[in-house]
Amino acid sequence: MTPVTETLPATGAAAAQAGGAAPQSAAVTVEIFEVGGGLAAEVRAASGASPMACYQCTKCSSGCPVAARADLMPHELVRLVQTGQRGSALGNRFIWECTSCHTCVTRCPQQVDIPAMNDALREIGRREGVAAKGTAVPVFNEIFLETVRKRGRIHEISLMASFKLRTRRLLDDMDKAPAMFSKGKLPLLGERVGEKAKREQIFRKAVAAAAAQAGDAKGTSGQQGGSR
Ligand code: SF4
Ligand code: SF4
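About the cut-offs
- Residues numbered from 1 in each chain as written.
- Chains lettered and ligands numbered in written order.
- Predicted model: local features only at pLDDT ≥ 70, side-chain atom pairs only at ≥ 80, totals over all residues.
- Core = buried A, V, L, I, M, F, W, Y, C linked by C-beta atoms within 7 Å.
- Buried ≥ 20, exposed ≤ 12 C-beta atoms within 10 Å, placed from the backbone.
- Helix = DSSP H or I, 4+ residues; strand = E, 2+ residues; numbered from the N terminus.
- Contact = placed C-beta atoms within 7 Å.
- Near = placed C-beta within 6 Å.
- Nonpolar A, V, L, I, M, F, W, Y, C, P; charged D, E, K, R; others polar.
- Axes fitted to C-alpha atoms, helices over the stretch in contact; angles between N-to-C directions.
- Parallel < 35°, antiparallel > 145°, perpendicular 65-115°, else oblique.

Draft legend 1. The nonpolar core, seen in detail. Counting residues in each nonpolar core, the largest one holds 32 residues, and the members touching the most others are V43, L77, V81 and L121. Counting residues per element, the ones that place at least two in this core are helix 2 (39-47), helix 4 (74-82), helix 5 (86-90), helix 6 (94-97) and helix 8 (114-127). With six residues, the top contributor of residues to this core is helix 2. Look past the residues within four positions of V81 in its chain and what remains in contact with it is L39, A40, V43, P51, A89 and M117.

Right, here's the structure in full:
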């Protein structure tokens, strides 16, 4: 089994960079043996996050505002990635419900960027057609982007109608509609802004960039032949 090397940051390095206390320990380079598939390497190539640096102290989970109602805690997700449990790491709802608040990153002694890791896992999951059970966030994201692509901005009523039809949550939150109408939060006629051709160009560029990044990530994980 061939090990890969990983440089673990100095403890307190982030604080020192910000002009605070000096590092409590120097950076060290360790050898890590492959466990499971190349998922950790793919995540690292796609996001720069370094799941293999995690030593499971659970500080991320104790500060995460989403962990209490999610199906996984942040440190558990990192462990799934470390051990290459692809189905569980891609098919959970936690990766979609993470709010990218960065609380975990600021608490982590190893500076593991869990929100960046979650972004990478979402992209890999979508590419591989892995459905996340028990969450409507991927559907909401799709409809949101479709609306922006079409109009250049959000039209709340059409967004809500599409979301309700696609998720079959027809009556959810309907009690809030009268107050929102009366306060002008749900305009019947939405605006269109900007030029359609420019919007299309932006979306095409974003799709091409995502495809290129996916190709790079696969190439990197193939070259490394192991998780990192
Ligand atoms: S805080 Fe960092 S090192 Fe600790 S469990 Fe979370 S990701 Fe791992
Ligand atoms: S960024 Fe995501 S995983 Fe980290 S604390 Fe916030 S919600 Fe939790």
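Draft legend 2. Quick look at the site of ligand 1. Taken together, the neighbourhood of ligand 1 is formed by 15 residues, with C54, C57, C60, H75 and C108 sitting nearest. Sorting the residues of the shell around ligand 1 by element identifies helix 3 (59-63) and helix 4 as the ones contributing at least two each. Per-element tally for the shell around ligand 1: the top contributor is helix 4, with three residues. Residues of the shell around ligand 1, tallied by class, amount to nine nonpolar, four polar and two charged.

Draft legend 3. Quick look at the site of ligand 2. Contacts to ligand 2 come from 14 residues, most closely from C64, C98, C101, T103 and C104. Every element with two or more residues in the shell around ligand 2 is listed here: helix 7 (103-107) and helix 8. Of the residues contributing to the shell around ligand 2, the split by class is nine nonpolar, five polar and no charged.

Draft legend 4. Spotlight on the packing of helix 2 against helix 8. Across the interface, helix 2 lies against helix 8 with an axial gap of 9 Å and an inter-helix angle of 110 degrees. Considering the angle they form, helix 2 stands roughly perpendicular to helix 8. Contact residues: helix 2 offers E42, V43, A46 and S47, while helix 8 offers A116, M117, D119, A120, L121, E123 and I124. Its residues assigned to classes, the contact of helix 2 with helix 8 comprises seven nonpolar, one polar and three charged.

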